[in-house]
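If you want the building blocks of each chain, they are given just below.
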Amino acid sequence: MSKNNDSFMVSIKDHKTVQHTASKTLLETIELHQIEVQYHCREGYCGACRSKLICGKVEYTTDPLAFIDDDEILPCCCIPISNIEIKLG
Ligand code: FES
C-alpha cells in the first residue's frame, strides 16, 4: 500500500483533471498536458505562476519567495502531496 506522488490527481478548474507525474513540479505536470499556464522565473520568486489552491495539499521543493496568500500556491516550485484542485492564475 505504498503511495507515491504519481498517484495524485490534479484537478484544474475550467480545464481538466490530470495525473501528477512524479519527479516533476506541479508547473511541469500542467505543461505536460498542454494546459496554458503563466510563469516566468520558475524558481518561486516572481509570482507569475501564482494559482489558487481550492483543496488538497502541496509541498514546496524550494522555499517560495514571492508573496502568496494562504489559499495560493506557486506551481513552479511545489508538488502535490494529496489529490488537489487548483485554479490557474
Ligand atoms: S514562475 Fe516565478 S514564482 Fe513561479
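Keep in mind that this is a model prediction, so the values were computed, not measured.

Describing the sheet that holds strand β3 (residues 51–55)
Taken in spatial order, the five strands make up an open sheet running β2-β1-β7-β3-β5, and their pairing is mixed. Sheet topology places β2 (17–19) and β5 (72–73) at the edges, where each strand pairs with a single neighbour. Pairing of β3 with strand β7 (residues 84–87) involves three bridges; the strand directions are antiparallel. Following the sheet pairing, Leu 53 is matched in β7 by Ile 86.

Observations concerning the pairing of strand β1 (residues 9–12)
Only one face of β1 is covered, namely the face carrying Val 10 and Ile 12; the face carrying Met 9 and Ser 11 is uncovered. Hairpin connection, β1 to β2: the antiparallel pair is bridged by four residues, and Asp 14 has positive phi, about 70°.

Some remarks on the nonpolar core
One finds Val 10, Leu 26, Val 58, Ile 73, Leu 74, Cys 78 and Ile 86 to be the most contacted residues of the largest nonpolar core, which totals 17 residues. Counting residues per element, the ones that place at least two in this core are β1, α1 (26–32), β6 (78–80) and β7. Among the elements that line this core, the one with the most residues is α1, at three residues. When near neighbours in sequence (up to four residues on either side) are disregarded, Cys 78 contacts Thr 25, Leu 26, Val 58, Glu 59, Tyr 60, Thr 61 and Ile 73.

Conventions used here
- Residues numbered from 1 in each chain as written.
- Predicted model: local features only at pLDDT ≥ 70, side-chain atom pairs only at ≥ 80, totals over all residues.
- Pairing = 2+ DSSP bridges.
- Helix = DSSP H or I, 4+ residues; strand = E, 2+ residues; numbered from the N terminus.
- Buried ≥ 20, exposed ≤ 12 C-beta atoms within 10 Å, placed from the backbone.
- Core = buried A, V, L, I, M, F, W, Y, C linked by C-beta atoms within 7 Å.
- Contact = placed C-beta atoms within 7 Å.

By themselves, these figures tell us nothing about what the structure is for.
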